[in-house]
Amino acid sequence: MRTEVFIGVDISKLKLDGFNLVTGEILEFENNPAGIKKFLTYARKAKPTLITCESTGGLEQPLLLACAQAKLPIAVVNPRQVRDFAKAILDHKMHLRAWSLGKFAKTDAIDATILAEFGSRMRPELTTPAPEELRALEAIMNRRAQILEMITMETNRLGSTRDMNARASLETVIEFLKEQVSDMDSQMLELVRSNLELKTLDALLQSVPGVGPVLSATLLSSLPELGSASRGCISSLVGVAPLNHDSGSHRGVRFIRGGRGNVRCALYMGTLSAVRWNPALQVVYERLVLAGKAKMVALVACMRRLLGILNAIVRDRKPWMDVTLAVVGA
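J.: Go over the layout of surface pockets, please, and point to the residues and values.
T.: Roughly 1,800 Å³ of internal volume is contained in the largest pocket. Around the largest pocket sit 43 residues that line it, and Ser 55, Val 76, Ser 222, Glu 225 and Arg 260 are the ones nearest its centre. Counting residues per element, the ones that place at least two in the lining of the largest pocket are α2 (61-69), β5 (74-77), α3 (79-91), α4 (108-122), α5 (132-159), α8 (213-222), α9 (231-238) and α10 (261-277). Among the elements that line the lining of the largest pocket, the one with the most residues is α5, at 6 residues. A per-class count over the lining of the largest pocket returns 18 nonpolar, 17 polar and 8 charged.

J.: Residues and numbers for the packing of α5 against helix α6 (residues 164-194), please.
T.: Running from N to C, α5 and α6 cross one another at 160 degrees; their axes reach a closest spacing of 9 Å. When the interaxial angle is binned, α5 and α6 end up roughly antiparallel. As α5 runs across α6, the sense of the crossing is left-handed. The class makeup of the residues in the contact of α5 with α6 is 18 nonpolar, 3 polar and 9 charged.

J.: Which residues make up the nonpolar core, and what values do they have?
T.: General note: in soluble globular proteins, nonpolar side chains tend to be found buried as a group. Ranked by size, the top nonpolar core spans 43 residues in total, and within it Leu 219 and Leu 307 carry the most contacts. At the level of elements, α5, α6, α7 (196-206), α8, α9, α10, α11 (279-290) and α12 (295-316) are the ones that each hand at least two residues to this core. When neighbours within four sequence positions are excluded, Leu 307 is seen to be in contact with Leu 219, Leu 223, Leu 226, Ile 234, Ser 235, Val 238, Val 240 and Leu 267. Of all hydrophobic cores here, the second largest spans 22 residues; its members include Leu 27, Phe 29, Cys 67 and Leu 72.

J.: Just give me the short version of the environment of Leu 65, but keep the residues and values in it.
T.: Residue placement: Leu 65 occurs in helix α2. A residue is classified by how much of its surface remains accessible, and Leu 65, at 25% relative accessible area, is partly exposed. Sequence separation of Leu 65 and Thr 128 is 63 residues, and the distance between their C-alpha atoms is 8.6 Å. Apart from the residues within four sequence positions on either side, Leu 65 is in contact with Pro 129 and Arg 135.

J.: Run through the packing of aromatic side chains, naming residues and quoting values.
T.: How two aromatic rings sit relative to each other is set out by the distance from centre to centre and by the angle between their planes. Counting across every chain of the model gives 2 aromatic pairs. Ring geometry for Phe 29 against Phe 39: centres 5.7 Å apart, planes inclined by 80 degrees, an arrangement best described as edge-to-face. Here the residue Phe 29 occupies a position in strand β3 (residues 26-30), and Phe 39 occupies one in helix α1 (residues 33-46), the gap between them amounting to 10 residues. With respect to class, Phe 29 is no different from Phe 39; both count as buried. Taking the centre distance of 5.4 Å and the plane angle of 90 degrees together, the rings of Phe 85 and Phe 118 count as edge-to-face. Here Phe 85 is found in helix α3, whereas its partner Phe 118 is found in helix α4, with 33 residues between them in sequence. You'll find Phe 85 and Phe 118 in the same group, each marked buried.

J.: Any details on α8? Residues and values, ideally.
T.: With 8 of 10 residues buried, α8 lies mostly within the body of the structure. Turning to α8, its buried residues are Leu 215, Ser 216, Ala 217, Thr 218, Leu 219, Leu 220, Ser 221 and Ser 222. Those residues of α8 that are buried are in contact with α5, α6, α7, α10 and α12.

J.: Outline empty space enclosed by the protein, listing residues and values.
T.: Scanning the entire structure with this criterion turns up 1 cavity of 30 Å³ or more. Estimated volume of the largest cavity: approximately 30 Å³. Around the largest cavity sit Met 188, Leu 189, Val 192, Asp 202, Gln 206, Pro 213 and Ala 217, which together line it. Among the elements that take part in the lining of the largest cavity, α6 stands out by supplying 3 residues, more than any other.

J.: So, the pairing of strand β4 (residues 50-54): which residues are in play, and what are the values?
T.: Counting buried positions along β4 yields 5 of 5 residues, so the element is predominantly enclosed. Of the two faces of β4, both are covered, the one formed by Leu 50, Thr 52 and Glu 54 as well as the one formed by Ile 51 and Cys 53. Here strand β1 (residues 6-11) pairs with β4 via 4 bridges, running parallel. Paired with Gly 8 across the strands is Thr 52, a residue of β4. Here β4 runs beside β5; their pairing, made up of 4 bridges, is parallel. Of the residues in β5, the one forming a bridge with Ile 51 is Ile 74. Handedness of the crossover joining β4 and β5 through α2 is recorded here as right-handed.

What counts and what doesn't
Residues numbered from 1 in each chain as written. Predicted model: local features only at pLDDT ≥ 70, side-chain atom pairs only at ≥ 80, totals over all residues. Heavy atoms only, no water. 1 Å grid on protein atoms, 1.4 Å probe; cavity = no way out; pocket = protein on both sides within 12 Å on 5 of 7 lines; lining within 4 Å. Points joined across faces, edges and corners; volume = space filled by probe spheres on them. Helix = DSSP H or I, 4+ residues; strand = E, 2+ residues; numbered from the N terminus. Nonpolar A, V, L, I, M, F, W, Y, C, P; charged D, E, K, R; others polar. Axes fitted to C-alpha atoms, helices over the stretch in contact; angles between N-to-C directions. Parallel < 35°, antiparallel > 145°, perpendicular 65-115°, else oblique. Left-handed = near helix turned anticlockwise from the far one by under 90°. Core = buried A, V, L, I, M, F, W, Y, C linked by side-chain atoms within 4.5 Å. Buried < 20%, exposed > 50% of the residue type's maximum accessible area, 1.4 Å probe, protein only. Contact = heavy atoms within 4.5 Å. Phe/Tyr/Trp six-rings, centres within 6.5 Å; stacked < 30°, edge-to-face > 60°. Pairing = 2+ DSSP bridges. Right-handed = clockwise from strand over helix to strand, strands pointing away.

Structure (structure tokens):
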């Protein structure tokens, strides 16, 4: 049998630091087209079972696209999962060759080693790059969120500033940033309308009362599993599935954690509107509050219910009224 080869790659702005778990080779390439080409040449010869790297805010995209085109198996994993994995190894005093520099040392080479070990032990699913249109839509939505964050920061500064010149500067910046948000919205709508598939799915999603263009675009760009995953799985991906905290006879408070924060934030804003204007979710929200549930608990339950409705709509390609009766009672 051929020995399985696992390669971990730690990605930074300037470098690709790699580690071959079988040979023990420490690899280093520049993070540019020439460096990625050299990495692909090495990987083709090594014939890896899996290449593992972390999601790093977009820096991983060139490597992901190159590996996909070269038909090399690559998995882009959640950094938090890798950190938890590394802590577990430390807690159980398991040996990693790259930790010879010290138990708690951290270098790019060590990170690459941990990624290789993670790939070997956890066997994450392969990552398939999103189509170009979805990548462009995701970039627009990410930039929109960044601008909104800057507006919040400048607005907070405006509230605590008394100097007239400083206030005038802040107001000018806030106005400019609002114009940028408007530009992002226009680009978002134009991109969705220019693609038949996105336009069709957008119309289906926005047929649900409470779902607007921002939530629809966020779901389309950041939750490609919508419509193909089960209701429980999609809730876990977004981070609205209740997690148990039980031990023996003790039953702890359920809580939500993790998931895709940008999707959860957009879903939250959509649900605030939906519990007012969507009759199906309004009934659920009021029933839970009357039963003594905290308003936030009831709202999270409605977020989960709304996500289930949207998942069914995309799965069945049927608009709101056609799937409501089938889903809302579930």
